[in-house]
Amino acid sequence: MRKTRITGAFAGVAIAAIALTGCNSGSPTSPGAAGGGEEESTGALWEVASDVSLEGSPTFDAISERDKVIVGVKEDQPGLGFLDATTNERTGFDVDIARWIAASLGYDEDKIEYKAIASANREQAIVNGDVDYYVGTYSINDARKQQIDFAGPYFITGQGLLVAADSEIASEEDLNADTRVCSATGSTPIQNIKANYPEVPTEEFDLYSACVDALINGTVDAVTTDQAILIGYAAQYPDDIKVVGEPFSEERYGVGLAKGDDALRAHINELLTDGGDVWQGIFDKNLGESGITVEQPAVDAY
Ligand code: GLU
């Protein structure tokens, strides 16, 4: 396992940080286990595979049948999974990971349908077959693994706190009965607060962006979720809100997929393992200036 470090610092340190983290292995492009030829798409970080076959994958069979990939994502998390309402453009580290996987299966952007699924609804969406796979700040854990499988991890972060710029809350140790903390329903951070900080009043919304609005309006005192997510919000409103403290959990992001689809899981794990340079390109493009310093984690093929 390579070492992972997250800092809440901002762009000033980003360039040096990137220089220190550029040590992933792997080839620049990798269509993964599916084999077949490749055709180049212009200026892309990855290539779209052709003549792909993935024997024994019910998900891939469904994709081939409809000739389209349906991907579950977030769309209110800048830098990770974001939909620009004006341009209709989707951006972010997770969205690009989802696109790279689609390309490895032979599907370019015009053959991807995105579905925004909130944290609480992810397992059900995968179980129902509403999405072929899900890439959206989705922590691998045992409770979720009872219903679905994960490829990865492809990113590691940790729970943090976002507070008003003039707040005296400096870390999770300052949370108490008078600090109202907001997070998303069904997320690991809200579960952590309820289990380990039971005296702290909580507020829940489907989306973290609703928590950020509540923080800016002063109806809550802190937003808690993964630092990588919070850093994206802080960058949107640098005069109003700030990330404080050190990460106080480990969140290992996986690609959620149908339980038992071992062929698809192995394919994505192989793509991630062999595609270190693509991963780094996706990271640099989306998070390179965020101040986040993180290396690609080793895939844990459980
Ligand atoms: N990574 C955490 C989770 O999966 C928090 C982020 C999210 O809700 O997507 O619950």
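Above this text you will find the structure in question.
Residues numbered from 1 in each chain as written. Predicted model: local features only at pLDDT ≥ 70, side-chain atom pairs only at ≥ 80, totals over all residues. Heavy atoms only, no water.

## Side note on the site of the ligand
In the vicinity of the ligand lie 17 residues, with Lys74, Ser119, Thr137, Tyr208 and Asp226 positioned nearest. A distance of 2.8 Å separates an oxygen atom of the ligand from a polar atom in the side chain of Arg122. A distance of 2.7 Å separates an oxygen atom of the ligand from a polar atom in the side chain of Thr137. Coverage of the ligand by the protein amounts to 100% of the 280 Å² it exposes when considered alone. Looking at the shell around the ligand residue by residue, the class counts come to five nonpolar, seven polar and five charged. (Near = heavy atom within 4 Å. Polar contact = N/O pair within 3.5 Å; in protein donor to acceptor, adjacent residues only side chain to side chain. Areas by Shrake-Rupley, 256 points an atom, 1.4 Å probe, with all protein chains shown as cover. Nonpolar A, V, L, I, M, F, W, Y, C, P; charged D, E, K, R; others polar.)

## Let's talk about the sheet that holds strand S12 (residues 202-205)
The sheet built from five strands is open, its strands ordered S12-S11-S13-S10-S14 with mixed pairing. Unpaired on one side and paired on the other, S12 and strand S14 (241-244) mark the two borders of the sheet. Looking at each pair of strands side by side, their axes are set apart by 30° on average, direction ignored. The strands touched by helix H6 (residues 188-196) are strand S10 (159-164), strand S11 (181-184), S12 and strand S13 (222-226); relative to S12, the strand with the most contacts, the crossing angle is about 160°. (Pairing = 2+ DSSP bridges. Helix = DSSP H or I, 4+ residues; strand = E, 2+ residues; numbered from the N terminus. Axes fitted to C-alpha atoms, helices over the stretch in contact; angles between N-to-C directions. Contact = heavy atoms within 4.5 Å.)

## Brief notes about the state of the cysteines
Within the structure shown, the criterion is met by one disulfide. Put simply, Cys182 and Cys211 are joined by a disulfide, and their sulfur atoms are 2.1 Å apart. Measuring the twist about the S-S bond at about -70°, one finds the Cys182-Cys211 disulfide to be left-handed. Here Cys182 is found in strand S11, whereas its partner Cys211 is found in helix H7 (residues 208-217), with 29 residues between them in sequence. Just as Cys182 is buried, Cys211 falls in that class too. (Disulfide = S-S within 2.5 Å. Buried < 20%, exposed > 50% of the residue type's maximum accessible area, 1.4 Å probe, protein only.)

## Section: unusual backbone geometry
Backbone phi values are negative for most residues with the exception of glycine, while trans is the configuration of most peptide bonds. In this chain, Gly152 is followed by Pro153 through a cis amide linkage whose omega measures 5°. Residue placement: Pro153 occurs in strand S9 (residues 148-157). Positive phi values are uncommon outside glycine, yet Asp67 reaches one of about 60°. You can see Asp67 is positioned in the loop between helix H2 (58-66) and strand S3 (69-73). A positive phi is found at Asn88, a non-glycine position, where the angle reads about 65°. Relative to the helices and strands, Asn88 is located in the loop between strand S5 (81-83) and strand S6 (90-91).

## Regarding the packing of helix H3 (residues 93-104) against helix H9 (residues 262-274)
Viewed as axis vectors pointing N to C, H3 and H9 meet at an angle of 115°, and their least axial separation amounts to 11 Å. On the basis of their axis angle, the class for H3 and H9 is roughly perpendicular. For the element pair H3 and H9, the recorded crossing hand is right-handed. On H9, the residues that touch Trp100, Ile101 and Ser104 of H3 are His267, Ile268, Leu271 and Leu272. When its residues are assigned to classes, the contact of H3 with H9 shows five nonpolar, two polar and no charged. (Parallel < 35°, antiparallel > 145°, perpendicular 65-115°, else oblique. Left-handed = near helix turned anticlockwise from the far one by under 90°.)

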